[in-house]
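Per-entry structural report
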There are 4 protein chains.
Amino acid sequence: VAHVLGPNQYGKAEVRLVTVDRSTPRHEIRDLTVTTQLRGDFEACHRVGDNTVVIPTDTQKNTVYAFAREQGVGEPEQFALLLGRHFVAHDQVDGARIAVDAHPWRRIPVAGSEHDHAFERAGAERRTTTVVLDPGTVTVVSGLADLVVLKSTGSEFHGYPRDRYTTLAETTDRILATSVTARWRYSADVLADGYHFGAAFTTVRTAMVETFAAHHSLALQQTLYAMGEAALDACPDILEVRMSMPNKHHFLVDLTPFGLENPNQVFVAADRPYGLIEGSVLREGVPTAPAVWESVVGFC
Amino acid sequence: VAHVLGPNQYGKAEVRLVTVDRSTPRHEIRDLTVTTQLRGDFEACHRVGDNTVVIPTDTQKNTVYAFAREQGVGEPEQFALLLGRHFVAHDQVDGARIAVDAHPWRRIPVAGSEHDHAFERAGAERRTTTVVLDPGTVTVVSGLADLVVLKSTGSEFHGYPRDRYTTLAETTDRILATSVTARWRYSADVLADGYHFGAAFTTVRTAMVETFAAHHSLALQQTLYAMGEAALDACPDILEVRMSMPNKHHFLVDLTPFGLENPNQVFVAADRPYGLIEGSVLREGVPTAPAVWESVVGFC
Amino acid sequence: VAHVLGPNQYGKAEVRLVTVDRSTPRHEIRDLTVTTQLRGDFEACHRVGDNTVVIPTDTQKNTVYAFAREQGVGEPEQFALLLGRHFVAHDQVDGARIAVDAHPWRRIPVAGSEHDHAFERAGAERRTTTVVLDPGTVTVVSGLADLVVLKSTGSEFHGYPRDRYTTLAETTDRILATSVTARWRYSADVLADGYHFGAAFTTVRTAMVETFAAHHSLALQQTLYAMGEAALDACPDILEVRMSMPNKHHFLVDLTPFGLENPNQVFVAADRPYGLIEGSVLREGVPTAPAVWESVVGFC
Amino acid sequence: VAHVLGPNQYGKAEVRLVTVDRSTPRHEIRDLTVTTQLRGDFEACHRVGDNTVVIPTDTQKNTVYAFAREQGVGEPEQFALLLGRHFVAHDQVDGARIAVDAHPWRRIPVAGSEHDHAFERAGAERRTTTVVLDPGTVTVVSGLADLVVLKSTGSEFHGYPRDRYTTLAETTDRILATSVTARWRYSADVLADGYHFGAAFTTVRTAMVETFAAHHSLALQQTLYAMGEAALDACPDILEVRMSMPNKHHFLVDLTPFGLENPNQVFVAADRPYGLIEGSVLREGVPTAPAVWESVVGFC
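Here the structure is a predicted model, which means the values were calculated and not measured. (Residues numbered from 1 in each chain as written. Chains lettered and ligands numbered in written order. Predicted model: local features only at pLDDT ≥ 70, side-chain atom pairs only at ≥ 80, totals over all residues. Heavy atoms only, no water.)

Considerations on the overall build of chain A
Short version of the rule: Only DSSP runs of H or I with at least four residues qualify as helices, and only runs of E with at least two residues qualify as strands; both kinds are numbered from the N terminus onward. Relative accessibility under 20% of the residue-type maximum defines a buried residue, over 50% an exposed one, and the middle range a partly exposed one, all with a 1.4 Å probe and only protein chains included. Note on contacts: a residue pair qualifies if any of its non-hydrogen atoms lie within 4.5 Å across the two residues. Using a 1.4 Å probe, accessible areas were evaluated by the Shrake-Rupley method; residue-level cover was limited to the displayed protein chains. In this tally, Lys and Arg are treated as positive and Asp and Glu as negative; His is ignored, and so are the chain termini. One atom stands in for each charge, and that atom is NZ of Lys, CZ of Arg, CG of Asp or CD of Glu.
Each helix and strand in chain A was counted, giving six helices and 13 strands. Considered along the principal axes of its C-alpha atoms, chain A spans approximately 75 × 70 × 40 Å. Buried positions account for 65% of the 300 residues belonging to chain A. Sequence separation of 24 or more characterises 66% of the internal contacts of chain A that already satisfy a separation of 6 or more. Surface exposure of chain A reaches about 10400 Å², of which carbon and sulfur atoms provide 51%. If you average the places of the 27 positive and of the 37 negative side-chain charges in chain A, the two averages end up 4 Å apart.

See the structure below:
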């Protein structure tokens, strides 16, 4: 029986790159995790181990470090585009997926002033980007991950159907907490030189976080949708937002066995299971891009 | 400007379920992590917080536990099908994605005999399944994750192109190590009552592991492809195999500064970065199923 | 042969507690992970399973939640003292170890103002405390964990001995990065009512972080010691500081194969192995407290 | 005010070492994680950054790899002793703590035979050792970690005191599950050449696991103590065993809302909080060794 090689890609994952811009005494640092994945006609490699056209993943790693020195990293999106265009310029490479996570640092304040060359990690939240290069098309999908937010009121949940397996009590006041992963697909306009990806990131993030805070929630789905709408309204250069938002349950502790009321004051923060709400908001009339999303998320 | 609700799903993630079959003194245990996700017309929930047709994730969790008692869990695939069919029978639910991870235990040997009711965790490897239910079609994709394997010889890597950024030395003898994530898509035949998913799992896993061991490797891609072919050859009920295999690098330590040779004896096991080889093998003539794979892997 | 029961303790670990102070529309939240461990004469339990004097760990958990409601949590140190004193008041309990980790949140800014009831996680760093109660004595050891800091210059390393196994090059300019775990032992004076543990925490943390930034380092040990001295100088109520500081290596990438210089600009952030520097600074004349530290750190 | 340098140590943590014995076609592999920590008069380094007597952690790492080649690794205990004795032979080093974790692999079976050079990871459980060298004395403390075991019956819990905060129901039949960390201190006799640490490990581990299985438990403390006794009875060369055993709660799911009984069949495996039972058993008449245990467990 004959078999066929299906979708495939290969590359170097999680190259840890830190750069220091020392052009002035006030250093700037970038802390990135870079993954490069290449696609093309690698059938001979799969079938008979012929590596003639296989750019080693070690070379890919070296290229990341060399480009960081030669070209500078700039915005994560621009660095990813630079790397992706370099790799697809090879005859044997038809497409690429370059993912960059940026890890946040802030300057340490010393006696009220921000230090020139000392930094502290600013949180676990990451700024992310994935650039997908296919023959004739380049797509930039950026986002954020591990943004943990919580509202101590302003969230209700009721009106849901009840069946034999329903025990949940309705509530008009609960804690709502989640860890947001969001990704937004940019329009092709951002590929022009000098697009301000950093400013766009801040605009989108601010819109989403402010909406989480200000929106009165009847369902986490409603909050998610409102956050997506706010992102689209705030940044005209994005076509679509996808979000994955675990409902990090905070259950009210039943204190009645101890003769105590608990008027929404004492909660247990649960680990598992958790609700998982996932959705997307598109600008009207914009075509969906399933092939891009397949590239952005996991392979297997 | 108007916005549109795009792809979305919601459910309960990582419900931890352990069952004990006590029908004889020789207990059987099952240890599962279950995730249920539902799809349908949830636009009113997203837009105005109308939960009229939203089966709470808490109810989904309850259903998992109640079904485990009422119906038993059986094979992970059968339990996932049972749950999925239950949920899509609701008017408002068009589709579902039910994922089940099975965690392995083995009986503790006491004085040479396996104990009736005492078990030890048999490793970190998981048996996985994702059942995707769409209108008119049900697909079962099963697999394994975190299967860590290593060959101390029988692996070469050379003949690759060299460019300005290539420094890697060619080798005819290296350690090859990886952590296999594999998923295989079953044909619709397995939906018949009484299909032996457990036997199929063992057949596929054995074929893949034996091939990893016996195959002389010129590239991890070649090993991956051979493992996929072996799986298809071993089990006629699977149509396609996808694999994601990090190249867990073991670098030969340079001991020459200490006046020592190192003839492939002392290695450093590196954490990051790692090569990442991903590919799929299909039975010839079988249609691909991109929509299914979109459901199986991550959303965002 | 007879055996003897040695050191032992038991309790409930990692009780996840979130409280909301709703006394004004501007909510305050506390997010704590609480571990209680009790000591006493539990020999009958160990030898014959007699639980007559064993306060169940489930009861300990309930007590945490009930006390949070009845007494409020206040500062982590005060909540730990409250719990510890409650438990050692039982006849059978001779001593206790109560550990509390506090997880940081900050208010979400909306249009320039901090929101009343919406928060974002402020980082992975934790404020920690362990209260050790023994017959006749109570000790408070507080600290911080996972404070990640980095200097892009102002760090040297040279002058070390060379032996057959030394290959490291000396440097007068390297990146210095670490993840600080620090614990400081308070004097008994802080047990008086109304001690401001929060202010003390801020004072000590600021002294340590500012010293990390401002100190010109010839060795991570020297930086550690200077941080400990600064802590003792800043807060008269602490007797001793212990620190564990991994040297999170940032290696300069060798770009010469690509015809590039690398004047301290492009680094690889390594995972493992890492240097591990651990040390303590005591106020002169203060007796050490080995039994307390045994209680603070791990059992086994 | 003057300050004093208190306890301190430094070294290289988590050196990842894999060795292949290729002396016959049937390869043997060792997979170790090695941590070296040195103690001595390092005051000048802490106070003024004088590294004159500070063996760099990089040199320590090199030594691990060079010794693996020159001397072979043998049993983890022997490799740790070798390294420790090498380091304390330096004038400036008074003591050392060498910790080695061994990661298990097993041969891949191919057509019923174990393969010569292909292996699969045999689980997450680790064999551990810590060798503590102080002036005039060397102590070996070995153990295991992450041994996860479960009994589906044969465990009771009742007879405990009830106070205002007690809600737990008594039970005569529950699931008992734990993840064992155990460490045993060897007598000085094992320092003689050729002691069979591997055989001792197997003897102690078997005694503990078989006891977990066979022992009818009235409390996890009782199980722990019985396991410690069994270890001491099985291996005359160990003086003391310490164990840390989280009670991995498996709660019976209340199915009565769904009209179902649940006769100990369906359980939720909880993450947090968990009971934490820690204790030790000593051979009668053996002196305790608090300074050794301080070295074995964490610093801060």
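Some details on the interface of chain A and chain B
Note the threshold: Two parts placed together each lose some accessible area under a 1.4 Å probe, and the buried area is that loss summed for both. Whenever a carboxyl oxygen of Asp or Glu lies within 4 Å of a side-chain nitrogen of Lys or Arg, that contact is scored as a salt bridge. Polar contacts, as counted here, are pairs of nitrogen or oxygen atoms within 3.5 Å of one another; within protein the pair requires one atom able to donate a hydrogen and one able to accept it, and residues that are adjacent in sequence qualify only if both atoms are side-chain atoms. Any two strands are treated as partners once DSSP identifies two or more bridges connecting them.
On the side of chain B, 85 residues touch chain A, which itself brings 85 residues to the contact. For the chain A face of the interface with chain B, the top three residues by lost area are A:His3, A:Tyr165 and A:Cys300, together amounting to 11%. Here chain A is connected to chain B by four salt bridges. The interface formed by chain A and chain B holds 44 residue pairs in polar contact (both at pLDDT 80 or more) in total. At ten residues, strand 13 (residues 274–283) of chain A tops the list of elements feeding residues into the side of chain A that touches chain B. Pairing geometry for strand 2 (residues 9–21) of chain A and strand 13 (residues 274–283) of chain B, over five bridges, is antiparallel. Across the sheet, the residue bridging to A:Gln9 is B:Glu278, located in strand 13 of chain B.

Things to note about the packing of helix 4 (residues 197–214) of chain D against helix 5 (residues 220–234) of chain D
All names here are of chain D. Formally: Axis definition: a line fitted to C-alpha atoms, over the contacting stretch in the case of helices. Angles run 0 to 180 degrees between N-to-C directions. Each crossing is labelled by how the near helix is turned from the far one, with a counterclockwise turn of less than a right angle marking it left-handed and a clockwise turn marking it right-handed. Here the term charged refers only to Asp, Glu, Lys and Arg, the term nonpolar to Ala, Val, Leu, Ile, Met, Phe, Trp, Tyr, Cys and Pro, and the term polar to all other amino acids, Gly among them.
For the pair helix 4 and helix 5, interaxial distance at closest approach is 8 Å and the crossing angle is 145°. Helix 4 and helix 5 meet at a crossing whose hand is right-handed. Of the residues in helix 5, those in contact with Thr 203, Val 204, Ala 207, Met 208, Thr 211 and Phe 212 of helix 4 are Thr 223, Ala 226, Met 227, Ala 230, Ala 231 and Ala 234. Looking at side-chain class alone, the contact of helix 4 with helix 5 contains nine nonpolar, three polar and no charged residues.

A word on the environment of C:Leu81
Residue and element names in this part refer to chain C. Relative to the helices and strands, Leu 81 is located in helix 3 (residues 76–88). On the accessibility criterion, Leu 81 (4% relative accessible area) is buried. Expressed as a C-alpha distance, the spacing of Leu 81 and Arg 97, which sit 16 residues apart in the sequence, is 9.6 Å. Beyond its immediate chain neighbours, meaning those up to four positions away, Leu 81 contacts Val 131, Val 138, Val 140 and Leu 191.

Regarding the interface of chain C and chain A
Taken together, the contact between chain C and chain A spans 57 residues of the former and 57 residues of the latter. Buried surface at the junction of chain C and chain A, summed over both partners, amounts to about 4700 Å²; 61% is from carbon and sulfur atoms. The three residues of chain C that bury the most area against chain A are C:Arg22, C:Arg69 and C:Leu150, which together make up 14% of that side's buried surface. Taken together, the connections running from chain C to chain A amount to four salt bridges. For C:Arg205, the salt bridge identified is with A:Glu120, shortest N-O distance 2.9 Å. Linking chain C to chain A there are 26 residue pairs in polar contact (both at pLDDT 80 or more). Secondary structure elements with two or more residues in the side of chain C that touches chain A: strand 2 (9–21), helix 2 (57–70), strand 5 (105–110), strand 6 (113–121), strand 8 (137–151), helix 4 (197–214) and strand 12 (266–269) of chain C. In terms of residue class, the side of chain C that touches chain A is built from 32 nonpolar, 13 polar and twelve charged.

Regarding the relation of the copies chain A and chain B
To keep things clear, this is the line we draw: When the copies are superposed, the least-squares fit draws on C-alpha atoms of residues that have pLDDT of at least 70 in both.
Mapping chain A onto chain B leaves a residual RMSD of 0.0 Å; the transformation is a rotation of 180° accompanied by 0.0 Å of translation along its axis. Here the transformation between the copies is reduced to the relation of a two-fold axis. Interface overlap between copies is the fraction of interface residues in one copy that are interface residues in the other; for chain A against chain B it reaches 100%, indicating a shared surface.

Considerations on helix 5 (residues 220–234) of chain B
Residues and elements named next belong to chain B. The following threshold applies: A helix is expected to span 1.5 Å multiplied by its residue count minus one.
The first and last C-alpha atoms of helix 5 sit 21 Å apart over 15 residues, in line with the 21 Å expected at 1.5 Å per residue. Of all 15 residues in helix 5, twelve are buried, a share of seventy percent or more. Among the residues of helix 5, those classed as buried are Leu 220, Gln 221, Gln 222, Thr 223, Leu 224, Tyr 225, Ala 226, Met 227, Gly 228, Ala 230, Ala 231 and Leu 232.

Looking at the relation of the copies chain C and chain A
Of the two same-sequence chains, chain C is brought onto chain A (RMSD 0.0 Å, axial shift 0.0 Å) by a rotation of 180°. An overlap of 100% is found between the interface residues of chain C and their copies at the interface of chain A, pointing to a shared contact surface.

A few points about the side chain of B:Thr153
In this structure, B:Thr153 sits in the loop between strand 8 (137–151) and strand 9 (176–186). A distance of 2.8 Å separates a polar atom in the side chain of B:Thr153 from a polar atom in the side chain of B:Asp173.

Quick word on the pattern of salt bridges
Side chains bearing opposite charge may pair, as long as their charged atoms lie close to each other. Going through the model one piece at a time under the given rule, you end up with 76 salt bridges over all chains. Two residues, B:Glu125 and B:Arg205, come together in a salt bridge whose shortest N-O distance is 2.7 Å. With B:Glu125 in the loop between strand 6 (113–121) and strand 7 (126–134) and B:Arg205 in helix 4 (residues 197–214), this pair connects stretches of sequence that are 80 residues apart. Comparing B:Glu125 with B:Arg205, the two get one shared label, buried. A single salt-bridge network, built from bridges that share partners, covers A:Arg106, A:Glu120, C:Glu125 and C:Arg205.

A word on the environment of A:Tyr65
In this fold, A:Tyr65 is placed in helix 2 (residues 57–70). A relative accessible area of 4% places A:Tyr65 in the buried class. Taking the C-alpha atoms as reference, A:Tyr65 lies 12 Å from A:Leu82; in sequence the two are 17 residues apart. With sequence-adjacent residues up to four places away left out, A:Tyr65 is seen in contact with A:Val15, A:Arg16, A:Leu17, C:Val253, C:Leu255, C:Val266, C:Phe267 and C:Val268.

Let's talk about the packing of aromatic side chains
The criterion, for reference: Aromatic pairing here means that ring centres of Phe, Tyr or Trp (its six-membered ring) are within 6.5 Å. Orientation follows from the plane angle: under 30 degrees is stacked, over 60 is edge-to-face, and everything else is tilted. Counting as a charge over the ring demands two things of the Lys NZ or Arg CZ atom: a distance within 6 Å of the ring centre and an angle within 35 degrees of the ring normal.
The tally for this structure, following the rule as stated, stands at 32 aromatic pairs over all chains. Judged by centre distance (5.2 Å) and plane angle (90°), the rings of D:Tyr10 and D:Phe42 are edge-to-face. Here D:Phe42 lies in the loop between strand 3 (28–40) and helix 1 (43–48) and D:Tyr10 lies in strand 2 (residues 9–21), a separation of 32 residues in the sequence. The ring of B:Trp105 is capped by B:Arg121, whose NZ or CZ atom sits 4.5 Å from the centre of that ring. Lying over the aromatic face of A:Phe299, B:Arg242 brings its terminal NZ or CZ to 4.9 Å of the ring centre.

As for the pairing of strand 6 (residues 113–121) of chain D
Judged from the three bridges that link them, strand 8 of chain B and strand 6 of chain D form a sheet pairing that is antiparallel. Looking at the pairing, B:Lys151 lines up with D:Ala118 of strand 6 of chain D. Across five bridges, the pairing between strand 5 (residues 105–110) of chain D and strand 6 of chain D is antiparallel. If you follow D:Val110 over to strand 6 of chain D, its bridge partner there is D:Ser113. Taking the residues that link successive antiparallel strands as the turn, the strand 5 of chain D-strand 6 of chain D hairpin has two residues, and the phi of D:Ala111 there is positive, at about 50°.

Considerations on the nonpolar core
We apply this condition: The term nonpolar core refers to a set of buried residues drawn from Ala, Val, Leu, Ile, Met, Phe, Trp, Tyr and Cys, joined through side-chain atoms within 4.5 Å.
Counting residues in each nonpolar core, the largest one holds 142 residues, and the members touching the most others are A:Phe79, A:Trp184, B:Phe79 and B:Trp184. Excluding its chain neighbours within four sequence positions, the residues that come into contact with B:Trp184 are B:Val140, B:Val141, B:Ser142, B:Gly143, B:Leu144, B:Phe201, B:Val204, B:Met208, B:Ile238, B:Glu240 and B:Val241.

Notes on the side chain of D:Ser179
All names here are of chain D. In this fold, Ser 179 is placed in strand 9 (residues 176–186). Residue classification places Ser 179 among the buried residues on the basis of a relative accessible area of 15%. Setting aside residues no more than four positions away along its own chain, Ser 179 makes contact with Asp 146, Leu 147, Val 148, Ser 244, Met 245, Pro 246 and Lys 248.

Some remarks on helix 4 of chain D
Over its 18 residues, helix 4 of chain D extends 26 Å from the first C-alpha to the last, a length consistent with the 26 Å expected when each residue adds 1.5 Å. Residues of helix 4 of chain D that are buried: D:Phe197, D:Gly198, D:Ala200, D:Phe201, D:Val204, D:Arg205, D:Ala207, D:Met208, D:Val209, D:Thr211, D:Phe212 and D:Ala213.

Notes on unusual backbone geometry
Here the residue pair B:Arg272 and B:Pro273 is connected by a cis peptide bond, since its omega of -10° sits within 30 degrees of zero. Unusually for a residue other than glycine, C:Asn264 sits at a positive phi of about 60°. Along the chain, C:Asn264 falls in the loop between strand 11 (250–252) and strand 12.

Quick look at the confidence of the model for chain A
Threshold: A score between 0 and 100, pLDDT records how confident the predictor is in each residue.
Considering every residue of chain A, the mean pLDDT works out to 97; 100% of them sit at 70 or more. At the level of chain-chain contacts, confidence expressed as ipTM amounts to 0.97, with global pTM at 0.98.

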